[in-house]
Amino acid sequence: MKMDIAHLQLWVGKSESHVERLAAFPANALSATLDRKDPLFVDGSALPPLWHWLHFLPIHRISEVGPDGHAERGGFLPPVPLPRRMWAGGRFCFHHPLRVGETVQRESRVLSVVHKAGRSGDLVFVRVEHTFGNSHGLALSEQHDIVYREAAEPAARLATAKAAPADAAWERTIRPDPVQLFRYSALTFNSHRIHYDRNYVTEVEGYPGLVVHGPLIATLLIDLLRRECPEATIRDFSFRAVKPLFDTEEFAICGAPNEDGKTVHLWTRNTDGALTMEATATLA
């Protein structure tokens, strides 16, 4: 597949701005999807970290959607001519909470477009920066990494990852199912077929089952920290996706405070004991 990286890099610096009033319904629906027993979210309620992903959702007409369920290439993001795309990771700084009922402005900018050659072929990494401001100023800054990849043989696609740490202080077992994945797709208006169309994901993309959303896994990692340390305030958070997870098996959400007393190591482990996502949270 021809790769004109110079053309794709013309998107670096491209920006867009959106304003939205944060409604309560998405937070209440995500709370139910995560099987939490939260008080009802109402105007003034603080959104937990990463729940801003329920807002500022791109809305494309059905005629603008490609065969994989994503919007056709181009627009704000560069038209990378590779068939597979996934979240690779992200970094966040939480300055003060976003709250239900308030009006928030998001500014977005493409920071970089980088081409690399991997074991499975061409890779393109796109980094996007988002900043979220409300009446109190900058509330949240985020850098979001997207990876675009070639179609690969299943053996290459599911290459062995390194073993997950064995020193978890906290651990929860998650049993993903099509209902939970459908709910999260609906809440984030994510029509990527790898999360809900079993025929597509197994026959076209060659995965063994429905792919668990990267943002959902990251949200579950922070959710573990919130359950174990309910009074903690998270200042910074970063995560890196290592290996995909599927609805065909359960996985473990794990965490352990570091010796510095300020940071927490979080990770996910599949049934083979492999590391599938790792993250670090810094507490205020």
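Whatever comes next refers back to the structure up there.
Every value quoted in this text rests on a predicted model; they were computed, and no experiment measured them.

K.L.:
Teacher, can you tell me more about the packing of helix 2 (residues 25-33) against helix 4 (residues 178-187) here?
P.N.:
Between two packed helices, the angle of one axis relative to the other and the distance separating the axes together describe the packing. Closest axis-to-axis distance for the helix 2/helix 4 pair is 10 Å, and the angle between their directions is 165°. One element, helix 2, and the other, helix 4, form an angle in the roughly antiparallel class. Handedness of the crossing formed by helix 2 with helix 4: left-handed. Contact with helix 2, carried on its side by Phe25, Pro26, Ala29, Leu30, Ala32 and Thr33, involves Gln180, Arg183, Tyr184 and Leu187 of helix 4 and no other residues of that element. Here the contact of helix 2 with helix 4 is composed, by residue class, of seven nonpolar, two polar and one charged.

K.L.:
Looking at this model, I keep getting lost on the side chain of Asp145. Mind explaining?
P.N.:
As for its placement among the helices and strands, Asp145 is situated in strand 5 (residues 137-149). Judged by relative accessible area, which is 11%, Asp145 ranks as buried. A distance of 3.0 Å separates polar atoms of two side chains, one belonging to Asp145 and the other to Arg91. Apart from residues no more than four positions distant in its own chain, Asp145 is found in contact with Met86, Trp87, Ala88, Gly89, Arg91, Val126 and Arg127.

K.L.:
Would you mind going over the pattern of salt bridges with me for this structure?
P.N.:
For side chains of opposite charge, pairing can occur when their charged atoms come near one another. Enumeration over the complete set of coordinates arrives at 18 salt bridges. Between Asp68 and Arg85 there is a salt bridge, with the nearest N and O atoms lying 3.6 Å from each other. Highlighted residues: Asp68 in the loop between helix 2 and strand 2 (84-94) and Arg85 in strand 2, separated in sequence by 17 residues. The same class applies to Asp68 and to Arg85, which are both buried. A salt bridge links Glu129 to Arg109, with the nearest nitrogen and oxygen atoms 3.3 Å apart. Of this pair, Glu129 sits in strand 4 (residues 121-134) while Arg109 sits in strand 3 (residues 103-118); the two residues are 20 residues apart in sequence, bridging distant segments of the chain. Judged by relative accessible area, which is 24%, Glu129 ranks as partly exposed. A cluster of three or more residues bridged by salt bridges with shared partners is formed by Arg36, Asp38, Arg172, Asp223, Arg226 and Arg227.

Each value, and the rule that gives it
Residues numbered from 1 in each chain as written. Predicted model: local features only at pLDDT ≥ 70, side-chain atom pairs only at ≥ 80, totals over all residues. Heavy atoms only, no water. Axes fitted to C-alpha atoms, helices over the stretch in contact; angles between N-to-C directions. Helix = DSSP H or I, 4+ residues; strand = E, 2+ residues; numbered from the N terminus. Parallel < 35°, antiparallel > 145°, perpendicular 65-115°, else oblique. Left-handed = near helix turned anticlockwise from the far one by under 90°. Contact = heavy atoms within 4.5 Å. Nonpolar A, V, L, I, M, F, W, Y, C, P; charged D, E, K, R; others polar. Buried < 20%, exposed > 50% of the residue type's maximum accessible area, 1.4 Å probe, protein only. Polar contact = N/O pair within 3.5 Å; in protein donor to acceptor, adjacent residues only side chain to side chain. Salt bridge = Lys/Arg side-chain N within 4 Å of Asp/Glu carboxyl O.

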